[in-house]
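What follows is each chain in one-letter form.
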Amino acid sequence: DIFVNGSDADFANWEGMLVDMADQAWAADTDSAYIHPEYGTIGFPYTVEAIGLIYNADLLEKAGVDPATMVTPEGAKAAFEALDAKKDELGLTAVVGYCAEATNLYWSTGNHMFANYLDSGLAPSDTTYIDMMKDGGKLDADRLTKFAEYFSMLHQYSDPMLLVSGTYDQQIQGFAAGKYAFVTQGNWIGASLTSTFAAEYEAAGNFKCGMVPYAFDETANTILVASPSWWSVYDGPNKDAALAFLQWVSTGAAQDLMVLEAGCISPFKSCATAANDPLAATIMDWMGKGQTSAWHWLQMPGNIAQDYTGQVFADFAAGDLDVAGFVERMGKVVAACYAELG
């Protein structure tokens, strides 16, 4: 009666068969519900996740770098330069732990990194760039150029041993051990810092973490926050019980359980409980300031990262493409992907 949908394509499988939950009390307490233009509020958000540039706050403090200055391209460049100059003193292998390997990490680059081109700096309801993509795979060349220039800068300050051929575990382990001041992932790595790589994280001082935007433009001053998937209710004989259960999940003791026991970040405004997670507080802070954008990458074709965009990021990181080449190649592959859809 209650089951998960993770994308537009998933919801499309159940058109006309899901309960519109717009009248439920929880629906007015969140901005993260899945709302279909025809079928209404058909997705209950049980958590939110955030995409942004994660940093080791203790290292930045030692280097005299204020993360609040990193909301512009110039501010980010100055921070990277300052940290790079003190790399040996801080025990850094590299300033940034970024991995653009295409076979296993296409989802990170082709979906999550590309998502910043689509949404960074935009209001959650702003669909300007995903709408362009849906119109035959069109991209905004000026915006994409600024995006590429920022990532070219990331390449300069990244660990070359990780950049092209590294693995996800190497990326997170290196950050946990204090070898990188920044890492290009989402808040889900918080669980890895305190479990899989707890020994490395403890040895590095259980440092505080934060998140800043991929500030490729003066206006790109948001992190991307959304529900990664939703719970839907089948419009059947048990729907009333299912709805009552979801309303209970959105409040009180159930929210404490979801946050403290399951490690979720609450999507509900009335919940003040923060997860025991190195990144939970910073995500809630960005949400509280209203400086978040949406995850419209979930509306892209399901194969686009694996078959198209991920490889472009890999070629760019490998030095096979310059900024102009990245923009041109990305335009071609995205157009080809949408042409394939007919």
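Our structure's up above, just so we're on the same page.
Below or above, wherever it landed, is the structure these notes cover. Just so you know, these numbers come straight off a predicted model, no measurement behind them.

1. Focus on the overall build of the protein
Looking only at helices and strands, the protein features 16 helices and 11 strands. In terms of overall size, the protein behaves like a compact globule, its C-alpha atoms giving a radius of gyration of 20 Å where 342 residues would be expected to give roughly 20 Å. For the protein, the spread of C-alpha atoms along the three principal axes comes to 65 × 50 × 30 Å. Among the 342 residues that make up the protein, the fraction classed as buried is 54%. Of all intrachain contacts in the protein linking residues separated by at least 6 positions in sequence, the fraction that spans at least 24 positions is 74%. In the form shown here, the protein has an accessible surface area of approximately 14,300 Å², with 50% of it arising from carbon and sulfur atoms. Distance between charge centres in the protein, computed from 15 positive and 44 negative side chains, equals 7 Å.

2. Re the sheet that holds strand 4 (residues 49-51)
Pairing in this open sheet of three strands is mixed, and the strands run 4-9-11 from one edge to the other. Of all strands in the sheet, those with a lone pairing partner are strand 4 and strand 11 (292-293), marking the two edges. Bridge count for strand 9 (residues 223-226) against strand 11 is two bridges, and the pairing is parallel. By the bridge assignment, Leu224 is partnered in strand 11 with Ser293. Across the face of the sheet, helix 5 (residues 106-119) comes into contact with strand 4, strand 9 and strand 11 while running at roughly 100 degrees to strand 9. This element, helix 14 (residues 280-289), spans strand 4, strand 9 and strand 11 of the sheet and lies at about 95 degrees to strand 9.

3. A closer look at the sheet that holds strand 7 (residues 180-183)
Judged by pairing direction, the sheet is mixed, and its four strands sit side by side in the order 6-7-5-8 without closing on themselves. Two strands in the sheet have a free side with no partner beyond their single neighbour: strand 6 (94-97) and strand 8 (209-212). Direction aside, neighbouring strands of the sheet carry axes that sit 25 degrees apart on average. In this sheet, strand 7 lies alongside strand 5 (residues 53-56) in antiparallel orientation, the contact comprising two bridges. By the bridge assignment, Ile54 is partnered in strand 7 with Val183. The strands touched by helix 9 (residues 168-176) within the sheet are strand 5, strand 6, strand 7 and strand 8, with strand 7 carrying the most contacts at an inclination of about 135 degrees.

4. Comments concerning unusual backbone geometry
Backbone geometry places Asn206, a non-glycine residue, at a positive phi of 50 degrees. Position of Asn206 among the secondary structure elements: in the loop between helix 11 (198-203) and strand 8.

5. Overview of the nonpolar core
Counting residues in hydrophobic clusters, the biggest one holds 93 residues, and the most contacted among them are Phe80, Phe114, Tyr150, Phe182, Phe326 and Met330. Phe80 has contacts with Leu53, Met70, Val95, Val96, Tyr150, Met153, Leu154, Tyr157 and Phe182, leaving out every residue within four places of it along the chain.

6. With respect to the pattern of salt bridges
This model, assessed by the stated rule, comprises nine salt bridges. Between Lys87 and Asp84 there is a salt bridge whose closest N-O contact spans 3.7 Å. Lys87 sits in the partly exposed class, given a relative accessible area of 25%.

7. Some thoughts on the pairing of strand 8
Alternating positions in strand 8 separate into two faces, Cys209 and Met211 on one and Gly210 and Val212 on the other, with burial throughout. Both strand 5 and strand 8 contribute to a ladder of four bridges, which runs antiparallel. Of the residues in strand 8, the one forming a bridge with Tyr55 is Gly210.

8. A few points about empty space enclosed by the protein
Within the structure shown, the criterion is met by one cavity of 30 Å³ or more. The space that makes up the largest cavity amounts to roughly 30 Å³. Considered class by class, the residues forming the lining of the largest cavity number six nonpolar, two polar and one charged.

9. What to know about the layout of surface pockets
Put simply, the largest pocket is a space of about 920 Å³. Around the largest pocket, the lining comprises 35 residues; the ones closest to its centre are Asp31, Ser32, Ala33, Pro124 and Ala226. Taken together, the elements giving at least two residues each to the lining of the largest pocket come down to helix 1 (8-12), strand 2 (34-36), strand 9, helix 14 and strand 11. Among the residues making up the lining of the largest pocket, the classes are represented as 19 nonpolar, 12 polar and four charged. Space inside the second largest pocket adds up to approximately 340 Å³. What lines the second largest pocket is a set of 19 residues, among which Gly6, Ser7, Trp297, Leu298 and Met300 lie closest to the centre. Secondary-structure elements contributing two or more residues to the lining of the second largest pocket are helix 1, helix 5 and helix 15 (304-317). The element contributing the most residues to the lining of the second largest pocket is helix 15, with three residues. Among the residues making up the lining of the second largest pocket, the classes are represented as nine nonpolar, seven polar and three charged.

10. Concerning the packing of aromatic side chains
We describe a pair of aromatic rings using the distance from one ring centre to the other and the angle between the two ring planes. Counted according to the given criterion, the structure contains 29 aromatic pairs. Ring plane angle 85 degrees and centroid distance 6.1 Å describe the contact between Phe147 and Phe313, whose orientation is recorded as edge-to-face. Here Phe147, found in helix 7 (residues 141-156), pairs with Phe313, found in helix 15; they are 166 residues apart in sequence, far enough to count as distant. For the residue pair Phe147 and Phe313, the accessibility class agrees, reading buried in each case. Considering the side-chain rings of Phe175 and Phe207, the 5.4 Å spacing of their centres and the 85 degrees angle between planes classify their relative orientation as edge-to-face. Placement of Phe175 in helix 9 and of Phe207 in the loop between helix 11 and strand 8 is noted, with a sequence separation of 32 residues between them. A relative accessible area of 1% means that Phe207 is categorised as buried. Aromatic ring contacts, followed pair by pair, group Tyr98, Phe147, Tyr150, Phe151, Tyr214, Phe216, Phe313, Phe316 and Phe326 into a single cluster. Here the guanidinium or amino end of Arg143 rests over the ring plane of Tyr117, the centre of that ring lying 5.8 Å away.

Rules of the game
Residues numbered from 1 in each chain as written. Predicted model: local features only at pLDDT ≥ 70, side-chain atom pairs only at ≥ 80, totals over all residues. Heavy atoms only, no water. Helix = DSSP H or I, 4+ residues; strand = E, 2+ residues; numbered from the N terminus. Rg over C-alpha atoms; globule rule 2.2 N^0.38 Å. Buried < 20%, exposed > 50% of the residue type's maximum accessible area, 1.4 Å probe, protein only. Contact = heavy atoms within 4.5 Å. Areas by Shrake-Rupley, 256 points an atom, 1.4 Å probe, with all protein chains shown as cover. Lys, Arg positive; Asp, Glu negative; His and termini not counted. Charge placed at Lys NZ, Arg CZ, Asp CG, Glu CD. Pairing = 2+ DSSP bridges. Axes fitted to C-alpha atoms, helices over the stretch in contact; angles between N-to-C directions. Core = buried A, V, L, I, M, F, W, Y, C linked by side-chain atoms within 4.5 Å. Salt bridge = Lys/Arg side-chain N within 4 Å of Asp/Glu carboxyl O. 1 Å grid on protein atoms, 1.4 Å probe; cavity = no way out; pocket = protein on both sides within 12 Å on 5 of 7 lines; lining within 4 Å. Points joined across faces, edges and corners; volume = space filled by probe spheres on them. Nonpolar A, V, L, I, M, F, W, Y, C, P; charged D, E, K, R; others polar. Phe/Tyr/Trp six-rings, centres within 6.5 Å; stacked < 30°, edge-to-face > 60°. Lys NZ or Arg CZ within 6 Å of the ring centre and 35° of its normal.

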